[in-house]
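Below, each chain spelled out in residue letters.
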Amino acid sequence: MRSIRHVRLATSNVSPVKGSACRRIRDCFPRAPPSWGGLRTVGKTAKEAMELMQYFRQLEDAGAYAVEVECVAEEALAEIGKHSNLVTVTIGGGSSGDIILSYMSDLSGDTPNPPRHARAFGEVGRIRAELRAERARALQAYRAAVMDCSFPDADTTVFMLRDELEKLREGLDKLQPVHR
């Protein structure tokens, strides 16, 4: 939750609340295009770090148990953490947070241009591209086989039981036409 009013309301009803500090600090818009402010580190100055600390205090006073921060300077988060009881969940805040969070798409390598604080531990994006290319190759091969009549073939066709085709033909010959 970002609004202190909402945090107070939720905690007064005995609901556990985790606040979010990122949008509270001016010009920080996670996962937004650079024209909106983009993903920038907050807390690089003492003034910004103190603004963050004041928000942490407001969250604590309102009854929150935790706060999520994104792209906060590690030293600022470490120092603020010494003066706050909030559990810090951090994305891009270095190792100073209590919980280090990352997006699955980033850590699996499925994000084409991951943010600077992310690292790919897998190659899902490359594998996904290979899978798309293989599907396209298979579809082209299927089309070619249908067009040159090599598919379907005897191995992929279901046939009637022996002697049943002649019985079917006899039965069909006995039918009266629907339209006269």
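Look up: the structure comes first, before these words.
So, here is what we can say about the structure in this document. (Residues numbered from 1 in each chain as written. Predicted model: local features only at pLDDT ≥ 70, side-chain atom pairs only at ≥ 80, totals over all residues. Heavy atoms only, no water.)

**Here we look at a negative patch on the surface**
Okay, step 1: A contiguous patch of negative charge on the surface is contributed by Asp163, Glu166, Glu170 and Asp173.
Okay, step 2: Note on placement: Glu170 falls in helix H6 (residues 164-174). (Patch = residues over 30% accessible without salt bridge, like charges linked within 9 Å, V, L, I, M, F, W, Y side chains within 5 Å. Areas by Shrake-Rupley, 256 points an atom, 1.4 Å probe, with all protein chains shown as cover. Salt bridge = Lys/Arg side-chain N within 4 Å of Asp/Glu carboxyl O. Lys, Arg positive; Asp, Glu negative; His and termini not counted. Charge placed at Lys NZ, Arg CZ, Asp CG, Glu CD. Helix = DSSP H or I, 4+ residues; strand = E, 2+ residues; numbered from the N terminus.)

**So, the pairing of strand E3 (residues 87-91)**
Okay, step 1: A large share of E3 lies buried, amounting to four of its five residues.
Okay, step 2: As judged from the five bridges shared by strand E2 (residues 66-70) and E3, these two strands associate in the parallel manner. Bridging across to E3, Ala66 finds its partner in Val87.
Okay, step 3: Bridge analysis of E3 against strand E4 (residues 99-100) gives two bridges, and the strand direction is parallel. In the strand pairing of E4, Val89 is matched with Ile99. (Buried < 20%, exposed > 50% of the residue type's maximum accessible area, 1.4 Å probe, protein only. Pairing = 2+ DSSP bridges.)

**A few points about the sheet that holds E2**
Okay, step 1: Strand order in the open sheet formed by four strands is E1-E2-E3-E4, with parallel pairing between adjacent strands. The sheet terminates laterally at strand E1 (18-20) and E4, the two strands that pair on one side only.
Okay, step 2: Against the sheet, helix H2 (residues 46-62) contacts E1, E2 and E3, and its axis sits at roughly 155° relative to E2. (Contact = heavy atoms within 4.5 Å. Axes fitted to C-alpha atoms, helices over the stretch in contact; angles between N-to-C directions.)

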